[in-house]
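Structure at a glance
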Amino acid sequence: MQFDSVADILAGKKTGQTVHLRGWVHRHRASGGKLAFVVLRDGSGTVQCTVKGGVADPDSLAMAVRAKLEASVSSLEGTVAADERAPGGFEVKVARFTLHEPNGPTGDFPLRGEQGTEFELDMRHLWLRSTELSAILRIKHRLYKAVHDFYDREGFTQVDPSVITTNACEGGSTLFTFDYFGQTAYLSQSAQMYLEGCIFGLPKVYSITPSFRAEKSRTTKHLTEFHHLEAEYAWWNAEDSRVHQEKLVTYMAQTIARECAADLILLKQDPARLAKIGTFQPGEGGEDIDGKRFPRIDYSQAVDRLKQLGFHVNYGDDFGVPHEKALTEGKVNPLFICDWPANIKAFYMAEKPGTDRVLCSDMMGPDGFGELIGGSQRSEDVVSMERRLLAQWKAMAQSKDFDDRRQFKHEWEAIAARLGENATDEAIEQAYLKPYQWYFDLRRYGSVPHSGFGLGIERVLRWFTGQEHIRDMLPYPRTPARAYP
Ligand code: 4AD
Ligand code: MG
């Protein structure tokens, strides 16, 4: 049997015709034994179906009357009528209606709405039927395709770095540690270092992998598992990278605006908002040049601007949500904040000669959507990188964060125990640097200036879909409080 789709009905392609549908009872209302209204959902949309005595045969009517919420409808035959009163503007007048009931009648569907976020998260496996989540996941699918199309056109090769690693890329206490056949290993925070190893054979590479952060911060922007689009390219400097990042994000926004209009509207978003991203916005500080329409400001300019706005922030501070919001409020395009102080950024970023800064930028989404991309030119100086790695490791011992201090103590003591009698401070430090030696080899043999970045897919999707919480960007979100279902 060939089945029709609800989407075609809603597009007006089936009006006046007989259709065959299958799906689930999305909403249900029956009055007496003679009439049932079933909103049927088939994955392409929802449509109102009226089952009436006289039009439908008696068995069909009886089934439709007793159908429960979320019961599966194995076949429905009816005629499509345009009806302005029906949601979506169409109605199916049902002649035949059959339920699929493998184990007899089922219980009442547990989700009724308005039962609270925690309950809905416990019931995530059932909540996934929501039309909003389906719309978000369809947009995400298109976003992935846009990424692959973009990189194919730009001559990049997709590679698959492992997510099992013995190196901390971003460091600190956000590492998930596990036992890998007797050896301590981590779930990857970033594919960056592995991508850097690929550019000598394939100068332009990208990957999409899950990245893991044991972030204790419970915010609307943090997941413990997110999808990380990362790219790395030989010979490009930090500004080349920004031009590229801007083109990528513009292409993503334009594609979604064009191809996902119906889903955006379902999510109460105006596709025109996305269509503007990447267009020149006079007054926002960008230039009307391809790849330079997103404004760039220097870190110290950002500090000055925040001071003018009344914030108590000093040179050398990292920014928080209120700062990000103040800098990006009411804007159309994202903002690059460039060249941050080295001591608040990762060890692998190239130093800006003659300054205490590094050649990097964070791309901040407008209206406080927060950091979308972190990118930098990579250091080629092994001595400097070793020094900064050690400094940042030892700074954990003095951290305000208890987990940082515990992590440092644990790592230090584990190395000391392994070295036994030879455990001098210097030997411990050398042992700490050992797992990074393969990475430093990349500087020892044919090193090139190079740059790269990481983009949080769920962060960008949250911005595009205008949603409150990042967890709804994934079917099964992982946060500190939740690994079930
Ligand atoms: O700024 P981050 O930590 O940079 C890196 O990991 C680099 N090694 C990437 C690279 O250069 N290849 O993370 C990059 C991006 C952030 O800008 C953010 O969009 C996203 O990853 N991200 C998260 N998304 C959701 N939940 C979290 N906990 C995230 N942490 C980072
Ligand atoms: Mg970052």
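It should be noted that the structure appears before, not after, this text.
Structure report, in brief. (Residues numbered from 1 in each chain as written. Chains lettered and ligands numbered in written order. Predicted model: local features only at pLDDT ≥ 70, side-chain atom pairs only at ≥ 80, totals over all residues. Heavy atoms only, no water.)

One broad rule of soluble globular proteins: the nonpolar side chains tend to lie buried together. In terms of nonpolar packing, the biggest core is built from 42 residues, with Tyr151, Leu229, Met252, Leu455 and Phe464 touching the most fellow members. Looking at this core, the elements that each hand over two or more residues are helix H5 (131–153), strand S11 (225–234), helix H7 (238–259), strand S13 (335–338), strand S15 (370–377), strand S16 (450–456) and helix H16 (457–465). Of all the elements, H5 adds the most residues to this core, at seven residues. By size, the runner-up hydrophobic cluster in this structure holds 41 residues, among which are Ile297, Leu335, Leu389 and Phe408. (Core = buried A, V, L, I, M, F, W, Y, C linked by side-chain atoms within 4.5 Å. Buried < 20%, exposed > 50% of the residue type's maximum accessible area, 1.4 Å probe, protein only. Helix = DSSP H or I, 4+ residues; strand = E, 2+ residues; numbered from the N terminus.)

In this structure, His26 sits in strand S1 (residues 18–31). Relative accessible area serves as the criterion here: at 15%, His26 is assigned to the buried category. Apart from residues lying up to four places away in sequence, His26 is in contact with Val39, Arg41, Thr46, Leu69, Glu70 and Thr131. (Contact = heavy atoms within 4.5 Å.)

What follows deals with the layout of surface pockets. The calculated volume of the second largest pocket comes to roughly 1,300 Å³. The wall of the second largest pocket is formed by 44 residues, among which His26, Arg129, Ser130, Thr131 and Glu132 lie closest to the centre. If you tally residues by element for the lining of the second largest pocket, the top one is H5, at six residues. For the lining of the second largest pocket, the residue count by class is 17 nonpolar, 14 polar and 13 charged. (1 Å grid on protein atoms, 1.4 Å probe; cavity = no way out; pocket = protein on both sides within 12 Å on 5 of 7 lines; lining within 4 Å. Points joined across faces, edges and corners; volume = space filled by probe spheres on them. Nonpolar A, V, L, I, M, F, W, Y, C, P; charged D, E, K, R; others polar.)

With that settled, consider the packing of helix H12 (residues 382–395) against helix H14 (residues 425–433). H14 packs onto H12 with a crossing angle of 110° between their chain directions and a minimal axis gap of 11 Å. Between H12 and H14, the crossing angle belongs to the class labelled roughly perpendicular. Facing H12, whose interface residues are Glu386, Leu389, Leu390, Trp393 and Lys394, H14 presents Ile428, Glu429, Tyr432 and Leu433. (Axes fitted to C-alpha atoms, helices over the stretch in contact; angles between N-to-C directions. Parallel < 35°, antiparallel > 145°, perpendicular 65-115°, else oblique.)

A few words on the pattern of salt bridges. Pairing of side chains with opposite charge becomes possible as their charged atoms draw close. The tally for this structure, following the rule as stated, stands at 38 salt bridges. For the salt bridge of Arg129 with Glu70, the shortest nitrogen-to-oxygen distance reads 2.9 Å. Highlighted residues: Arg129 in the loop between helix H4 (124–127) and H5 and Glu70 in the loop between helix H2 (58–66) and strand S4 (72–82), separated in sequence by 59 residues. Given the relative accessible area of 28%, Arg129 is considered partly exposed. The salt bridge involving Arg258 is made with Glu259; its shortest N-O contact spans 3.6 Å. Linked through salt bridges whose partners overlap, the residues forming this network are Glu239, Arg242, Glu246, Lys292 and Arg296. (Salt bridge = Lys/Arg side-chain N within 4 Å of Asp/Glu carboxyl O.)

Here the focus is the sheet that holds strand S7 (residues 164–165). If you walk across this open sheet you meet the three strands as S7-S9-S8, and the pairing is antiparallel. Edge positions in the sheet fall to S7 and strand S8 (176–180), since each of these pairs with one other strand and no more. (Pairing = 2+ DSSP bridges.)

Tallied over the full model, the rule gives 27 aromatic pairs. When the centroid spacing of 5.5 Å and the interplanar angle of 80° are considered together, the rings of Tyr299 and Tyr315 count as edge-to-face. In this pair, Tyr299 is assigned in helix H10 (residues 299–308) and Tyr315 in the loop between H10 and helix H11 (321–328), connecting sequence segments 16 residues apart. Look at Tyr299 and you get buried, because its relative accessible area is 0%. For Tyr315, a relative accessible area of 38% translates into the label partly exposed. (Phe/Tyr/Trp six-rings, centres within 6.5 Å; stacked < 30°, edge-to-face > 60°.)

No statement about biological role is implied by the geometric values presented.
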